[in-house]
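Topology and contacts: notes
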Amino acid sequence: MTKWTFWVGTFVAVAALWGINYSLEEYANPYIVRVIINCGIALILGLSLNLVNGCAGQFSLGHAGFMGIGAYTSILLTTLSNIDFFQSPMGIGWAVVAGGGAAALAGYLVGLPSLRLRGDYLAIVTLGFGEIIRIFFLNMEFIGGARGMPGIPRESNFFWVYLWAAVTFIFMYRLIRSSTGRAILSIRENEIAAEAMGIDVARYKVVAFVISSFFAGIAGGLFAHYQGFIDPSTFNFNRSVEVVIMVVMGGMGSFTGAALGALLVTLLPELLRVFAEYRMVIFSASLVAVMLWRPMGIMGHKEIWHFFKKKGEA
Amino acid sequence: MQNIINGVAQGSVYALVALGYTMVYGVLQFINFAHSDIFMIGAFVGIYAAKWTNGYFPPIVQVMVVTLCAMAFCVALALTIERIAYRPLRTAPRLNVLITAIGISLLLENGGQVIFGADPRQFPSLLSTTSLLNSDELVLNNIQLTVILVSALLMVILHWVVHHTKLGTAMRAVSFDIEIASLMGIPTNQVIVFTFAIGASLAGCASVLYGLSYPKIEPLLGVMIGLKAFVAAVFGGIGNIMGAAIGGIILGLAESFAVYYISSSFRDAIAFGLLILILLFRPAGLLGTFRREKV
C-alpha cells in the first residue's frame, strides 16, 4: 500500500463513519443506536483484553477496573475540574485519552509485580485489584460515591466510539505482526522456551498488559461520556467476566474472533429479550455449550479471512 | 476481644467455603467458580427444608436435618456439574475449564433468580438466639458458638480423612501428579468425584451456618462470599487444606478488626488488599510451597 492510498483510505473511512453517525442520529431508533454504541465499546474492550488473554496467554480478570479508572479520570477532567478546555468537544476527546493514560499507568503498577509470577496469580491479583478499585470509587464522596456521578457531558457518539474501535483493531493487528507482537505470542506458546530464546518474558507481559489497560481506559472514558452517568457498580467483577467471555467465546488470540465475541455478548442478551427473565439463563447456558463443543472458541486462532482463503494459501 | 469472636465466627464460614476451592484446585488446578453458587443454592435448600420440617422435630434435631438436606443437595448438584461440564474438558486447556466454570456460575445465579426470585429471603431462625456470655466487653451467643464448633469439628474430620484414610492418601497423590497417580492404579476420576463431593458438602454445611447467623439470603449471595473464600484459600496457599482453614480465620479476623477500627465501608477492600500484599511478599501463600515448573 502506498502512502497515497493509505491517506485516501483513511479519509474515506472517516467520512463514512461521519456519514453513518449523522444518519443514525437523524433517522435511527434511539434503542438501536444505543445497542450499536454498546457494541462499539464492547469491541474496544474485547480487542484490548484479547492481547493479554489471547495473545500473551495471561489471564486477567480485572478489565472492568481499568475501564473504571479511565471513566473516572476522564470525568474528573470534564465534569469536576473547572478547566474550560476540557468542556469543549475537543477537550473531552483529550480527557478520554488521559483516562486511557491513567489506566495504562495503573496497568503498569499492577502488572509489574504480578506478571513476574507464573500461572493463575495474575488472575487473582487483577481480580483483587478490580474489586479494590470499585470499592475505592464507592467510598470517594467527591466523585459521587455509591450514588454515582450524573451530569457528564454526553459527547461520545457513534463516530468517536467506532473510530476508536477501528484504531484499536488496526493497532492490535499491526502490533501482533511486529517483533514485539511475535515475542508476546511466543509467551503464550511456551513461556520457558521463549525465555530460553532470549525473550524478556516479564517485560513483554507488562508491555501487553499496559497496552491492553490503555484501551480499556479509553473504552471507559467513551462509555462515561456516552451514558452521561456512571456509578461504581458499572465496573464490577461481572463486567470483567463479560469481557473475558467475549475473548474466549470468539476464539483466543484471534482479533476478528474477539470482535465477534464482543458483538455476540452484547447482542445476545438484547436479542433474547423476548424470553424475558430466562434470557440470562439461556445466555449462560449457551456459553457453557460453546465451551463444551468448541473449546477453541468460535474462531480458534484464525482470523475471519482465513476461512475464505483456499487451502494452501494461508 | 469481641472482635476476635466475631472474626472467628465469620472466618470459619469463609474457611469452610475456602476448603472447597482449595481442594478442587489442589486436584485439578482450576478455580471452581461455581462453588460459591453451590453455597448459595445450599442456603436456599436450607430455607425450603426448614419450612417442610417445621414442627416435626425439636430445634436441635431440625437444624441437623436441615443441614443434612442442604449438604446432600449440594453434593448432588456438584456431582452433576462435574459430570456434565467439567469431565468432558479434562484434557482441554485450563482456561476453557475456567470459563466453563464461570458459565456454570452465571447459569446458577441467573437460574436462581428465575426460580427463587431476585428478592432477598429470610432464613428461618431455627435456633432462638440466647446469650451465653454477656458482660460489658464481651458478647457471645449460641449461634456464634455453634458456627465455630461445627466448623472446627468439620475441619478435624476433614484433616483425618485427608491424612489418615486410603481415600485421603489417593487425593494427595492425585494432587501431586495426576498422571503418575493414575499409572499407580489410583482411580483418578473417582478421587476427583470424591473431592467435589467433600467440597460441596462443606459448602452446604457452611451455607446453613451462614443462614443462621445472617438470615438474608439472595441469589447473588454467593458472589462476595465466594470471592472472599477464594481469597482466603489463596492467602493460606492454594491447594493446601490447612492453609485454607487458617486463611479463612485470618480473613474473618482482619475484616472484623477493620470494621471496628477503620470503617465498615472498606470491609470488602480489606480482603483484596490483604491478598495483594501476601502475593507480593509470599507468592505461594502462607503455607504454600512454591513448585518450580519443569520443562
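Attention in this report is confined to the structure presented alongside it. What you are looking at is a predicted structure, and each value in this text was computed from that prediction instead of being measured. (Residues numbered from 1 in each chain as written. Chains lettered and ligands numbered in written order. Predicted model: local features only at pLDDT ≥ 70, side-chain atom pairs only at ≥ 80, totals over all residues. Heavy atoms only, no water.)

**What about the overall build of chain B?**
Helix and strand counts for chain B come out as 11 helices and four strands. For 295 residues, the compact-globule formula gives about 19 Å, and the C-alpha radius of gyration of chain B, at 19 Å, lands near that figure. Summarising its shape, the C-alpha atoms of chain B cover approximately 60 × 45 × 35 Å along the three principal directions. Evaluated residue by residue, chain B yields a buried proportion of 55% over its 295 residues. (Helix = DSSP H or I, 4+ residues; strand = E, 2+ residues; numbered from the N terminus. Rg over C-alpha atoms; globule rule 2.2 N^0.38 Å. Buried < 20%, exposed > 50% of the residue type's maximum accessible area, 1.4 Å probe, protein only.)

**As for the overall build of chain A**
Within chain A one finds 12 helices and zero strands. If you list the helices and strands of chain A from N to C, you get α-α-α-α-α-α-α-α-α-α-α-α. Relative to the 2.2 N^0.38 estimate, which gives 20 Å for 314 residues, the radius of gyration of chain A is 19 Å and therefore close to what a compact globule would have. By its C-alpha atoms, chain A is 55 × 50 × 45 Å across when sized along the principal axes. Long-range contacts, defined as pairs at least 24 residues apart, comprise 81% of the intrachain contacts of chain A with a sequence gap of at least 6. (Contact = heavy atoms within 4.5 Å.)

**Thoughts on the packing of helix 2 (residues 30–55) of chain A against helix 9 (residues 201–227) of chain A**
Residues and elements named next belong to chain A. Taken N-terminus to C-terminus, the directions of helix 2 and helix 9 make an angle of 165°; their axes are 7 Å apart at the nearest point. Relative to helix 9, the element helix 2 is oriented roughly antiparallel. Helix-helix and strand crossings are classified by hand; for helix 2 and helix 9 the assignment is left-handed. Between helix 2 and helix 9, the contacting residues are Val33, Arg34, Ile37, Asn38, Ile41, Ile44, Leu45, Ser48, Leu49, Leu51 and Val52 on the first element and Ala208, Phe209, Ile211, Ser212, Phe215, Ala216, Ala219, Leu222, Phe223, Tyr226 and Gln227 on the second. For the contact of helix 2 with helix 9, the per-class residue count stands at 17 nonpolar, four polar and one charged. (Axes fitted to C-alpha atoms, helices over the stretch in contact; angles between N-to-C directions. Parallel < 35°, antiparallel > 145°, perpendicular 65-115°, else oblique. Left-handed = near helix turned anticlockwise from the far one by under 90°. Nonpolar A, V, L, I, M, F, W, Y, C, P; charged D, E, K, R; others polar.)

**Thoughts on a nonpolar patch on the surface**
Residue and element names in this part refer to chain B. A cluster of nonpolar side chains, namely Met1, Ile4, Phe257, Tyr260, Tyr261 and Ile262, defines an oily patch on the protein surface of about 690 Å² accessible area. Here Ile4 lies in helix 1 (residues 2–28). Overall, Ile4 belongs to the partly exposed group, its relative accessible area being 35%. (Patch = residues over 30% accessible without salt bridge, like charges linked within 9 Å, V, L, I, M, F, W, Y side chains within 5 Å. Areas by Shrake-Rupley, 256 points an atom, 1.4 Å probe, with all protein chains shown as cover. Salt bridge = Lys/Arg side-chain N within 4 Å of Asp/Glu carboxyl O.)

**Considering the interface of chain B and chain A**
Taken together, the contact between chain B and chain A spans 41 residues of the former and 35 residues of the latter. Between chain B and chain A the total buried area reaches about 3500 Å² when both faces are included, carbon and sulfur atoms providing 81% of it. The three residues of chain B that bury the most area against chain A are Leu95, Ile99 and Val114 of chain B, which together make up 15% of that side's buried surface. Here chain B is connected to chain A by zero salt bridges. Between the two partners, chain B and chain A, sit one residue pair in polar contact (both at pLDDT 80 or more). In terms of residues, the side of chain B that touches chain A owes the most to one element, helix 4 (residues 94–116) of chain B, which gives 14 residues. (Buried area = accessible area lost by both parts, 1.4 Å probe. Polar contact = N/O pair within 3.5 Å; in protein donor to acceptor, adjacent residues only side chain to side chain.)

**Section: the packing of aromatic side chains**
Residues and elements named next belong to chain A. This model, assessed by the stated rule, comprises 24 aromatic pairs over all chains. Considering the side-chain rings of Phe6 and Trp7, the 5.2 Å spacing of their centres and the 75° angle between planes classify their relative orientation as edge-to-face. Taken together, a centroid distance of 5.3 Å and an interplanar angle of 75° make the contact between Phe159 and Trp160 edge-to-face. Above the face of the Tyr226 ring, Arg154 is positioned so that its terminal group lies 5.6 Å from the ring centre. The residue whose ring lies beneath Arg177 is Tyr173, and the NZ or CZ to ring-centre distance is 3.8 Å. (Phe/Tyr/Trp six-rings, centres within 6.5 Å; stacked < 30°, edge-to-face > 60°. Lys NZ or Arg CZ within 6 Å of the ring centre and 35° of its normal.)

**Regarding the nonpolar core**
If you look at the biggest cluster of nonpolar residues, it comprises 192 residues, and the most contacted ones within it are Leu61 and Ile230 of chain A together with Phe39 and Tyr86 of chain B. Dropping the residues within four chain positions of it, Phe39 of chain B is found in contact with Val13, Val17, Ala203, Ala206, Ser207, Tyr210, Leu221 and Ile225 of chain B. (Core = buried A, V, L, I, M, F, W, Y, C linked by side-chain atoms within 4.5 Å.)

**Here we look at the environment of Leu227 of chain B**
Structurally, the position occupied by Leu227 of chain B is in helix 9 (residues 221–236). Along the primary structure Leu227 of chain B and His35 of chain B are separated by 192 residues, whereas in three dimensions their C-alpha atoms are 10 Å apart. Those residues in contact with Leu227 of chain B that lie beyond four places of it in its chain are Leu127, Glu131 and Phe237 of chain A together with Gly222 and Phe272 of chain B.

**Describing the pattern of salt bridges**
Summed over all chains, the structure comprises seven salt bridges over all chains. For Arg188 of chain A, the salt bridge is made with Glu189 of chain A, and the minimal N-O distance between the two is 3.0 Å. Owing to a relative accessible area of 24%, Arg188 of chain A belongs among the partly exposed residues under this scheme. Arg87 of chain B is paired through a salt bridge with Glu82 of chain B; the nearest N and O atoms lie 3.2 Å apart. Among the residues examined, Arg87 of chain B registers a relative accessible area of 23% and is labelled partly exposed. When its relative accessible area of 1% is taken as the criterion, Glu82 of chain B is described as buried.

**Describing the environment of Thr188 of chain B**
All names here are of chain B. By the secondary structure assignment, Thr188 is in helix 8 (residues 188–213). Once the C-alpha coordinates of Thr188 and Ala118 are considered, the two residues, 70 residues apart in sequence, prove to be 39 Å apart. Beyond its immediate sequence surroundings of up to four residues, Thr188 is in contact with Val174, Ile178, Ala181 and Ser182.

**So, the side chain of Thr165 of chain B**
Relative to the elements of secondary structure, Thr165 of chain B occurs in the loop between helix 5 (142–164) and helix 6 (166–176). At 3.1 Å, the side chain of Thr165 of chain B and the backbone nitrogen of Gly168 of chain B are in polar contact.

Shape is all these values report; function is a separate question.
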